2 protein chains.
Amino acid sequence: MKPVVTIEPNWQLCSDCAVRASAVCSSLDGIELREFEHLGRRVHFSSGETVFSEEDITTSFYNLVEGVMRLYKLLTDGRRQIVGFALPGDFLGMNVSGRHNFSADAIGAVTVCQFAKAPFGRFIEDRLHLLRRINELAIRELNQARDHMVLLGRRSADEKVAAFLLGWRERLVSLTGASDTVPLPMSRQDIADYLGLTIETVSRTFTKLERHGVIEIIHGGISLLDPAKVEALAAA
Amino acid sequence: MKPVVTIEPNWQLCSDCAVRASAVCSSLDGIELREFEHLGRRVHFSSGETVFSEEDITTSFYNLVEGVMRLYKLLTDGRRQIVGFALPGDFLGMNVSGRHNFSADAIGAVTVCQFAKAPFGRFIEDRLHLLRRINELAIRELNQARDHMVLLGRRSADEKVAAFLLGWRERLVSLTGASDTVPLPMSRQDIADYLGLTIETVSRTFTKLERHGVIEIIHGGISLLDPAKVEALAAA
DNA sequence: AAAGCCAGTTGACCCAGATCAATTTTGGAG
DNA sequence: CTCCAAAATTGATCTGGGTCAACTGGCTTT
C-alpha cells in the first residue's frame, strides 16, 4: 500500500475544526489556538494506508480529525490483535519509550492533524491545562483498555459481539447522534481481531443474531432491532 | 474479609521511603517532599483485604509501598479478570469518572501510602513535574495494558503462561534484582484470572513445563531452568 | 497426631470456537 | 453490462482448553 499523502495548504483553522470541542485542543483558549494552528498540519490518508507502525521512532503525534483508524499489534507469526479503533477527536502517538507501541492504519479515508514531536513537546511544556487534558485522555483510554481485557479474557463469543456492537454504537453517539443503526466501517476480519475471535465466528454470530431477530445486517453496518436483547446478551 | 486497617503514627518520612526513587514522588524535590509527607498516611492491609472496590467513589489515591496487590474487574455472574498486579512504586486510583474502575486487594501483607483525593488534587494543581510523572506512569500502564490485550486475545495457553513468567520476572528485576528464581505470591486462581484461563489449565501447563525440564515448581514460586526455552515458548 | 481444610494437581470427558473448505455476495474496473 | 478479486457467509470437522470430579499434600487447629 503506497502512502499517497496529500499535504494541503495550511489554511485550515483550528477554530473551524470539526473536533475542536472534543480533542486535546479543547483545553486551549483563543490566543493559544492561534499558535497551536502553526504546529499542526493536516494530512490525508486513503483507505488501508498506514499512518505509523509499531516500533517506529516517534516523530509525530496525531489528532484524528476525520475517519476511522485501526490500532493494532502484530505477533511475529502474523497474528494480529486490534487494541482499539480511533475516532475523530482521538489523540494518538503518546509513548514513553520514544517508539510507537502499536501500528495505526486508515479504515476508509482519514484526515489527521499531525504535530512534529519536538515543537509539540515544547508547546506543552508549560501549559498545565493541555497536559491535564492529555492525562485525562490517557486515563480514559486506560479505563477502556481494562474493560477490553475483561472482554478478551472472560467473555464468550456471543457476549463479545454484543458488547462490541453496543460499545461501538455508544462511541458514535457523540459524533453522529444516538441511533439503532450502527455503521461498521471496519471489516469482519478487523472485528475478529479486535474481539479475539476468527472471522468465521464473527460472521456466524452476526447471522445467528439476525436469525433470532435481534439485529439486521445491512449494507455497511447492522441495525439493532432489539437493543434490550443485545444488552442482555452482552451480560455486563 | 473484615478490614483490619492499622494507621500508624505519621512519623514515616518520605526520604526514608523504600519506593522514593520509583514512585510518583520521584518527581519531587526536598522542599516539596516535606509538604507531601503531610498529605499521605501509611496504611497496612493484611492478606486478602480489599483496599478499594470498583464503582466505589474515589476518595483516595494510593501509592503501593510494600507488598503485592491484585487489580481486577468482576462480571455480574462472578467471572473475574485480573487486569494487573501492582508492585511497590505503583500509583493506584486515578480515574476520570470519580469512581474506581477496578477493585484492588492485598496479596499478602501490604503497605500503602494513602492520599485523600482533594488535598492531593490541590497539591498537584500547579506542579507540572508531578503531573508529568503521573502522565508518564499512565502512558506506561496503557502500553502494558495493550500488550496484555494481545496476550489475552491472540496467544495460546502455553504462550500465556510463558509470557507471564517472563513478564513477572522482568517486573521484579528493579525490586529484587535479576534472578531465574521467580517468586509467585499470587495463587494459581489469580494467575488463571490474569491470563484468561482456568486454574486447571494453569496447573497443567506448569506441570508440562516442569516435565519438559523448562521450569521447576518450587515452594512459593518457580525456577526457570531454561529461560531461553521459556522465551521461545512465549513467542514474542 | 488426628482431623479438617484449602490450594493445587491430575484424569476423563465435552464443547465453544478454531480450522479447513467451499460457495455466495459485493464492489470495482473495463 | 461482464469479469474479476476480495469480503463475507456457510458447512463439516477437529481440537485446545473448559468442565466436572476425584485425589493429594501442606498447613492449622485441637
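Keep in mind that what you see is a predicted model, and the values were worked out from it rather than measured.

Focus: the relation of the copies chain A and chain B
- Superposing chain A onto chain B takes a rotation of 180° combined with a translation of 0.0 Å along the rotation axis, leaving an RMSD of 0.0 Å. On the angle and the small slide along the axis, the relation comes out as a two-fold axis.
- A share of 100% of the interface residues of chain A reappears at the interface of chain B, consistent with the copies meeting face to face through the same patch.

A word on the protein's contact with DNA strand C
- In the vicinity of DNA strand C, 15 residues are found, and the nearest of them are Ala-157, Thr-201, Arg-204 and His-219 of chain A together with Thr-207 of chain B.
- With respect to DNA strand C, the backbone of Ala-157 of chain A contributes an N or O atom lying 2.7 Å from a phosphate oxygen.
- Contact between DNA strand C and Ser-203 of chain B: a phosphate oxygen at 2.9 Å from a side-chain N or O atom of the residue.
- Where the surface near DNA strand C is concerned, the elements lending two or more residues are α6 (199-211) of chain A together with α6 (199-211) of chain B.
- Among the residues making up the surface near DNA strand C, the classes are represented as two nonpolar, eight polar and five charged.

With respect to the domain arrangement of chain A
Residues and elements named next belong to chain A.
- By the assigned domains, chain A splits into domain 1 (6-130) and domain 2 (155-234).
- Inter-centroid distance (C-alpha atoms) of domain 1 to domain 2 is 27 Å.
- Contacts between the two partners involve 13 residues from domain 1, matched on the other side by 12 residues from domain 2.
- Summed over both partners, the interface of domain 1 with domain 2 buries about 1100 Å², with 61% contributed by carbon and sulfur atoms.
- It is Arg-80, Phe-85 and Leu-87 that lose the most area in domain 1 upon contact with domain 2, and together they represent 53% of the buried surface on that side.

Some points on the sheet that holds strand β9 (residues 215-218) of chain A
All names here are of chain A.
- Strand order in the open sheet formed by three strands is β8-β10-β9, with antiparallel pairing between adjacent strands. Looking at the sheet topology across the chains shown, the edges are occupied by β8 (181-183) and β9. When the angles between neighbouring strand axes are averaged without regard to direction, this sheet yields 20°.
- Sheet topology places β8 next to strand β10 (residues 221-224); three bridges connect them, and they run antiparallel.

About the criteria used
Residues numbered from 1 in each chain as written. Chains lettered and ligands numbered in written order. Predicted model: local features only at pLDDT ≥ 70, side-chain atom pairs only at ≥ 80, totals over all residues. Heavy atoms only, no water. Least-squares fit on C-alpha atoms with pLDDT ≥ 70 in both. Contact = heavy atoms within 4.5 Å. Near = heavy atom within 4 Å. Polar contact = N/O pair within 3.5 Å; in protein donor to acceptor, adjacent residues only side chain to side chain. Helix = DSSP H or I, 4+ residues; strand = E, 2+ residues; numbered from the N terminus. Nonpolar A, V, L, I, M, F, W, Y, C, P; charged D, E, K, R; others polar. Domains from an automatic or database assignment. Buried area = accessible area lost by both parts, 1.4 Å probe. Pairing = 2+ DSSP bridges. Axes fitted to C-alpha atoms, helices over the stretch in contact; angles between N-to-C directions.

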